[in-house]
Amino acid sequence: MFLRAKVRTKNGKRHRYFSVVENRRVGQNRTAQRTVLYLGEINDSQEAIWRRTLPVFDENHQQYTTLSLFPEDREIPAESSNSIQVKLSEMELRRPRAFGTCWLGCELWRQLRLDAFWEEKLAEKVRRETVSWAKVLQLLVVNRLIDPGSEFRVHRQWFDQSAMAELLETDFAVAEKDRLYRCLDRILEHKPALFQHLRERWQDLFQAQFDILLYDLTSTYIEGEGAEIPKAKYGYSRDQRFDAKQVVIALVITPEGFPLAYEVMDGNTSDRTTLRSFLGKIESTYGRARRVWVMDRGIPTEAVLAEMRSSERQIFYLVGTPRSKIRQHEKKWLDLPWQKVRQAVEVKLFADAGELYVLAKSEGRRAKERAMRRRKLARLVRKLRAMRRNGPRRDQLLLRIGAARKEAGSAFRFLQLQLPREGEAVTRNNFQFRVDQDKLAAAELQDGYYLLRSNLLNEDPTVLWERYVQLAQIEAAFKSMKSELGIRPLYHQLGHRVEAHILVAFLAYCLLVTLKNRLQALAPGLTPRAVLEKLSTIQMLDVWLPTTDLRWLVMPRFTQPQADQTILLHKLHLALPQQPPPRIKNRLPDFPQEALRL
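The paragraphs below set out a description of the structure included in this document. (Residues numbered from 1 in each chain as written. Predicted model: local features only at pLDDT ≥ 70, side-chain atom pairs only at ≥ 80, totals over all residues. Heavy atoms only, no water.)

1. Describing the overall build of the protein
No. 1: Broken down by element type, the protein carries 20 helices and 21 strands.
No. 2: Here the protein holds 598 residues, and the buried ones make up 48% of them. (Helix = DSSP H or I, 4+ residues; strand = E, 2+ residues; numbered from the N terminus. Buried < 20%, exposed > 50% of the residue type's maximum accessible area, 1.4 Å probe, protein only.)

Shown next as structure tokens:
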């Protein structure tokens, strides 16, 4: 990199503009140049009428002052006051840190008006604090969106590697370790008000509708004993961590992915016991209205579905059913005609006991289910052949078969085994196996079929099917929260901090959903992660210019966006902020003598 001065003549006056330029090699004998930082004009002339001035924060006096900058090769005019000369030849670039992604996270935070919401809710708790609790929470949420890590990692490493100090207009006090943890102790009580605030913002920003709600549950496990976490229990783990305690998270979102509410439950909570309480929670928070609940087959019980069909409540539902129901109602749908709802999807409709049943047949789902089953069977057969070649003892053979059965799952039932008797050596004659082709063919006849039930008796079958497949949105929400936003595993060992950690991840997901829906409207084809990766190359650096009076002029500057980043920001109707104001400080050694002695 090098410093470039560009001279322009304007109104008969010569102006010099400085920028930091980078050389890039393109081919063997050619280089291309790219402007990295634009520093602006540094005075060349002694004409006071057009002299360049800028506000500078004086760290000694803790106040802003207006200074005129002159390069060291120009004399300062006699009539000029508050002027300094800088040594451009000794310029240094220090402390590169992330700016683009942090700025985007803060911009999404402002679009949802979460800054005003949390300032109001946490205002009574900042009387003796030097930093606003709302800014501490914003720091945690933006970190969770960009580079999720523990509170201690934010304190020890991430804050200094980001531009959050400039964006939050504060210093390292916002990232003090104890302050980060204490922030988690103050936010849970405002969760109901947050849900109401977010609902209004989804409606204002995206005209979201809340007549269709997707409901599902997931679990996340806890590292450690979790003795101080009342809700930490052993239960059915979606993460396949049955050795660890967990909590269950129930989530309600719209088909567009906008989250409305969530609840943290005991880790051993059965899916079938959660729906009734959640129906009451939504009604008490948002009032009674015509809503359609879309759920998977394992969530509602027959009793709850009967309550939803009752004339008093008239809550509508669309839910999947076990495959046994397909065979149970076979006589009713066997002779009905198929109706095409999509290119490779057909449905049949029939009514029974006040409910509408939709039998769907999907060619894509059929191919997927067959491929998964055959892949598991092929892997299982290969393992059994290896066992027969190795000839282990009978007890070892049974243990290996048990492990293979667990991995194969339901595909194991299509295998017929002949095992050696107790005490016999394992040979090719007494250990044999084969695939039951008749049973496999019967199972493949049912591939691609699934049955839906609803109390929307007059609804279009195409609409019902499209609503049901939107359950993929809630699966995508859980996937984002677990993988991209790092909600698992839980390392906190206090119950309220576990729930606060989940709330921080929930807020980060709200930022992600806001960006996703902005992209769908303004820049379709881009994903939120792709945008964050693209903006991650916009860095902030500190330009250190030594002055002739043995001080430093420190100018924080973020790098200029490249062409594709400029187009992206234009498409999203976003504009980068003004460069932060410079500051002037005493010229001290980089390391105190005490540190050098150590």
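2. Some words on the pattern of salt bridges
No. 1: Across all of its chains, the model carries 30 salt bridges by this definition.
No. 2: Through salt bridges with shared partners, a single network forms among E302, R309, E355 and R453. (Salt bridge = Lys/Arg side-chain N within 4 Å of Asp/Glu carboxyl O.)

3. Points about the sheet that holds strand β13 (residues 339-342)
No. 1: Taken in spatial order, the 9 strands make up an open sheet running β10-β9-β8-β11-β12-β18-β15-β14-β13, and their pairing is mixed. Two strands in the sheet have a free side with no partner beyond their single neighbour: β10 (259-266) and β13. Within the sheet, the average angular offset between the axes of one strand and its neighbour, ignoring direction, is 25°.
No. 2: In terms of strand pairing, strand β12 (residues 316-320) meets strand β18 (residues 449-454) through 3 bridges, oriented antiparallel. Counterpart to G320 in the pairing with β18 is L452.
No. 3: Helix-sheet contacts for helix α8 (residues 275-286) involve β8 (212-221), β9 (246-253), β10 and β11 (292-295), and the interaxial angle to β10 is about 140°. (Pairing = 2+ DSSP bridges. Axes fitted to C-alpha atoms, helices over the stretch in contact; angles between N-to-C directions. Contact = heavy atoms within 4.5 Å.)

4. A short note on the packing of aromatic side chains
No. 1: Applying the stated criterion to the full structure yields 16 aromatic pairs.
No. 2: Taking 5.7 Å as the distance between ring centres and 75° as the angle between the ring planes, the aromatic pair formed by F195 and F506 counts as edge-to-face. One end of the pair, F195, is in helix α7 (residues 191-206); the other, F506, is in helix α17 (residues 495-522), with 311 residues separating them in the sequence.
No. 3: Summarising the aromatic geometry, the rings of F431 and F433 are spaced 5.8 Å apart at their centres and angled 50° between planes, so their arrangement reads as tilted. The same class applies to F431 and to F433, which are both buried.
No. 4: An aromatic cluster is built from F195, Y262 and F506, whose rings are joined through pairwise contacts.
No. 5: In this structure, K191 is placed above the aromatic ring of Y262, and the distance from its NZ or CZ to the ring centre is 4.6 Å. (Phe/Tyr/Trp six-rings, centres within 6.5 Å; stacked < 30°, edge-to-face > 60°. Lys NZ or Arg CZ within 6 Å of the ring centre and 35° of its normal.)

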